[in-house]
Amino acid sequence: MGKMIKTTNINKLFLHVVQACLLLMLPSFVACSHIDENDRLIEVKTDDQQPAPVPDDPSTPTPTSTVKNVLLEDFTGQRCNNCPTGTEVIEQLQEAYPDRLVAVGIHGGPLGFKGSATVKGLATEVGDEYYNHWNLEYQPVGLINRGEATNYVNWVGEVMKEMKQTSVVKMEVEAILNADKIDITVKEEGYDSYNGMLQVWLLEDGIVAMQTMPDGTNNREYVHNHVLRTPVNGTWGESFLINKDEKKNQHLTQAVDADWDASKLSIVAFVYSGTGVEQVVKAVVK
Amino acid sequence: MPSFAFALLPWSVTAQEQKGVTLSGSVQSDILIPKEDTRTGAEKKEDFQTNTYVDLNLQSTHIDAGLRVEYLEHPLPGFENDFKGWGVPHFYVKGKAKNVELTLGTFYEQFGSGFILRSYEERSLGIDNSLLGAHFVAHPFAGVQLKALYGKQRRYWDWGESLIAGADAELSIDEWFTSMQEHNTRLRLGASWVNKDEPDEDIFPDPKHRWNLPRYVNAWDVRANLNTGPWGILVEYAQKTQDPSFDNSFSYDNGHVAMLSGSYSQKGLSVLLQAKRSENMSFRSRRSMSGTSTYINHLPAFTLDHTYALAALYPYATQLAAGEWAYQAELGYNFKRKSAIGGRYGMNVKVNFSYVRSIDSKWLKWGDDTYYQDLNVQLTRRLGKGFKLNLMYMNQRYNKQIIEGHGDMIRSNIFVADALMQLAPKTKLRAELQYLTTKQDQGDWAFGLLELSLAPHWMLTASDMWNCGETKTHYYQGLVTFNVGSHRIQAGYGRTRAGYNCSGGVCRYVPATKGFTLAYNYNF
């Protein structure tokens, strides 16, 4: 049947080391987790979902910050079969944070579709430029207030974290359709000084266009919402500087393209810097 | 650039043997000086890109030690973002005694076919999922091998938070029974177990709930391998406990895989038949990870890794999470010399059929989709003293939607002729002609190659892959290779297409490139 090993000094030393290693591993040998069907979801305490306390209460004499909204840039594509699942996550977040979450669908990248003679495409050159600039690797992938690239399964957690942050810039935006152009007014108020960029985008909701679905089929009646149509003030926006207690406003105009449904347009305005998005607001074009 | 390349030449490193200590190692440096190419979309993000590896190993009677330096600070195109970096990610000390072996540091290991554990390095894919910790092997009795390991997995330039523990026992029963040895029969039984201990994290399916994630995932594997005379059979089964992850859409179902493989090999004839069913077997050290990193296991591919360019145009990637039914049948036959069919020099015929299909929740039932099919026939025949011909026909079905996430089923027929001519005692010329015809994707492709070998040092290669279907693009390449001793230097210029590079069913997307290439290899 074989023979036992000779316990030379070296072997003895090894055996001691091995015994020590096995002892260290012992917890793993008995470790086991089984989670029953009814225990797979843990309800999140309501406190966890509350936004950060609003410091700009009128009774507070000198507020230094205000509520921060969250920009979720969804890098998506019509040929991306997981993208509708990402969109479902966005819909859940919009329901939970109707006033504070601003989602933007940026079509482009390898799974974006620029259109053919018969099929409408939503991908744009600027969408590709953003995808490449952020060095993204897959779709759907999100940037939450321009933090790290985030897989859609982590969007809810990351958005919830960001909802607890505060901002030093308060913003408002208004957009009015005037014949074939949109007059846009962006207002900012500095709770502290901030130096960054102001970016204004035009989005369209309710676009019916082809989308590859998770089961691999192409749905030609898919409704695409919050689709980035064009930047209003350049691909990367314009310089923005505000001091504490300063109020500013900008007026911009955007021509309406014949392909867009003017009744379903909205404007997103945000200020950002190398550290991320400081504030974001959205308004429907009236 | 050249100064950098030559700086890598290890003039000072020579193999040496002193007092029973042996130094061995290797250098591999692949360099691209990229150019922009609007026609193919090739980009120039940097002036100079290289993947460079230097391996050093010291061996002695009782102690081995080694390390690997990797310089990937400006990596070649198509690797994941976190691949970039440089350092010494591989280092180990191994103590060896008569029947035991202990490694401390980083190590590689595979249990059985790799169903529940395979840590390995595959540079072409950017994979190195080595473990950092302790690895122990013992042969306490004849015919018994025991392994145990414990460690953290490498993910590029980090060590994962999960702790991986594993144990494996393999019994060679035939070593206990002389009658089995007399009858040329070998029977090996194996069993393995792997445990992943991964810290909890906040992953929310919706804003009101978070997943209750299992801290421990256990996986086990049993196998039996019987060889008797020309016959061989391998049966293997593995199972994994609840492991909700991004890959399986946070399913709490168990994962499992079963494989049956039979072979027959007699003089001149070889037959291989195998079937495998896998379900929910994506096993990673990080549950929220996507991409090619952090896999703890690997399922063997039942599809061939083709070397001919057009046969490798649409390679299959194993569907770990979704699961698959995979079948493979391979037949090889040598027609004897001076026979009616074999002719003067004999002829070799190889037929391979691979078929991969979706699964159904009922165990034995097939799902609706074909993922991949490859039927290929290869004939190799020497037609004269200095002329050898290899012909191949391949019929392929490639479900682009499943494999790449978009697109349709691509049905193609591929024809290959590969001729090797001995022009002079030290001069050989090899020529390849290939044609792929399909109505889908980018349509037809043609490929031609000429390779002149001037022994013992030089080889000149020129090739062109032409999309004669949709894009009419030429992907040309010229290479000069110089070999001296165990040094090999290859310089070239060319354009490569965007596509998938696969090995063993694992694939990496490689973008189009254009530019000068330089490759240096040295083993000592």
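This one's a predicted model, so the numbers in the text were calculated from it and none came from an experiment. (Residues numbered from 1 in each chain as written. Chains lettered and ligands numbered in written order. Predicted model: local features only at pLDDT ≥ 70, side-chain atom pairs only at ≥ 80, totals over all residues.)

## A word on the overall build of chain A
Counting secondary structure elements, chain A contains five helices and 19 strands. For chain A, the residues scored as buried account for 37% of the 286 residues in total. Sequence-distant contacts in chain A: of pairs separated by 6 or more residues, those separated by 24 or more amount to 69%. (Helix = DSSP H or I, 4+ residues; strand = E, 2+ residues; numbered from the N terminus. Buried ≥ 20, exposed ≤ 12 C-beta atoms within 10 Å, placed from the backbone. Contact = placed C-beta atoms within 7 Å.)

## Re the overall build of chain B
The helix and strand tally for chain B stands at three helices and 33 strands. A compact globule built from 524 residues would reach a C-alpha radius of gyration of about 24 Å, and chain B, at 25 Å, matches this within 12%. Referenced to the eigenvectors of the C-alpha coordinate spread, the extents of chain B come out at roughly 65 × 60 × 60 Å. Relative to its full complement of 524 residues, chain B shows a buried share of 32%. The long-range share in chain B, meaning contacts at least 24 apart out of those at least 6 apart in sequence, stands at 55%. (Rg over C-alpha atoms; globule rule 2.2 N^0.38 Å.)

## Thoughts on helix α5 (residues 155-163) of chain A
Across the nine residues of α5 of chain A, seven count as buried, placing the element largely inside the fold. Where α5 of chain A is concerned, the buried positions are Trp 155, Val 156, Glu 158, Val 159, Met 160, Glu 162 and Met 163 of chain A.

## Things to note about the interface of chain A and chain B
At the interface, 45 residues of chain A touch 47 residues of chain B. Of all elements in the fold, only α1 (9-30), β1 (41-43), α3 (83-96) and α5 of chain A reach the threshold of two or more residues within the side of chain A that touches chain B. Pairing between β1 of chain A and strand β16 (residues 209-211) of chain B: three bridges, direction antiparallel. Opposite Ile 42 of chain A, over in β16 of chain B, you have Arg 210 of chain B as the bridge partner. (Pairing = 2+ DSSP bridges.)

## A look at α3 of chain A
All names here are of chain A. Spanning 14 residues, α3 covers 20 Å between terminal C-alpha atoms, matching the ideal 20 Å at 1.5 Å per step. Of the residues making up α3, those classed as buried are Cys 83, Gly 86, Thr 87, Val 89, Ile 90 and Leu 93. Projected down its long axis, α3 shows its buried positions confined to an angular sector of 155°, all on one face. Facing away from the buried surface of α3 by more than 90 degrees, the exposed residues are Glu 91 and Glu 95. (Expected span 1.5 Å × (residues − 1). Arc of directions from axis to C-beta.)

## Overview of the nonpolar core
A general trend in soluble globular proteins is that nonpolar side chains are found buried together. Residue and element names in this part refer to chain A. With 61 residues, the main nonpolar core has Leu 72, Val 159, Ile 267, Val 268 and Ala 269 as its most contacted residues. For this core, the element with the most residues is strand β18 (residues 265-273), which contributes seven residues. For Ile 267, the residues in contact, after removing those within four places along its chain, are Val 173, Ala 175, Ile 184, Val 200, Leu 202, Lys 282, Ala 283 and Val 285. (Core = buried A, V, L, I, M, F, W, Y, C linked by C-beta atoms within 7 Å.)

## Things to note about the pairing of strand β33 (residues 513-523) of chain B
For a regular strand, the rule is simple: side chains alternate between the two faces of the sheet. All names here are of chain B. Sheet topology places strand β2 (residues 21-34) next to β33; nine bridges connect them, and they run antiparallel. For Ile 33, the partnering residue across the bridge sits in β33 and is Phe 516. Of the strand pairs in this sheet, strand β30 (residues 487-496) and β33 are connected by 10 bridges, and their pairing is antiparallel. Each bridged residue has a counterpart across the sheet, and for Ile 489 the counterpart in β33 is Tyr 520.

## Observations regarding the environment of Glu 121 of chain B
All names here are of chain B. Here Glu 121 shows up in strand β9 (residues 121-122). Exposure remark for Glu 121: the 16 C-beta atoms within 10 Å place this residue in the partly exposed category. With residues up to four places along the chain from it excluded, the contact list for Glu 121 reads Tyr 108, Ile 127, Asp 128 and Ser 130.

## Comments concerning the sheet that holds strand β9 (residues 181-190) of chain A
Residues and elements named next belong to chain A. Ordered in space as β8-β9-β17, the three strands form an open sheet in which the pairing is antiparallel. Every interior strand has two partners, whereas the edge strands, β8 (169-178) and β17 (247-255), have only one. Strand-to-strand twist in this sheet, taken as the mean axis angle between neighbours without regard to direction, amounts to 15°. Where β8 meets β9, 10 bridges bridge the pair, whose relative direction is antiparallel. For Val 173, the partnering residue across the bridge sits in β9 and is Val 186. (Axes fitted to C-alpha atoms, helices over the stretch in contact; angles between N-to-C directions.)

## Thoughts on the confidence of the model for chain A
For chain A, the average pLDDT comes to 87, and 84% of its residues sit at 70 or higher. Here residues 1-7 of chain A is a poorly scored stretch, pLDDT under 50, and it has 12 contacts once near neighbours within four places are set aside; other chains count. (pLDDT = per-residue confidence, 0-100.)

## Regarding unusual backbone geometry
Pro 140 of chain A follows Gln 139 of chain A through a cis peptide bond whose omega is 0°. Within the element layout of this structure, Pro 140 of chain A appears in the loop between α4 (125-133) and β5 (141-144). In this structure, the amide linkage connecting Ala 455 of chain B to the following residue, Pro 456 of chain B, adopts the cis form with an omega of 5°. Counting through the fold element by element, Pro 456 of chain B comes out in the loop between β27 (445-454) and β28 (458-467). Here the phi dihedral of Tyr 156 of chain B falls at roughly 55°; this positive angle occurs in a residue that is not glycine. As for its position among the elements, Tyr 156 of chain B is in the loop between β12 (144-155) and β13 (158-159).

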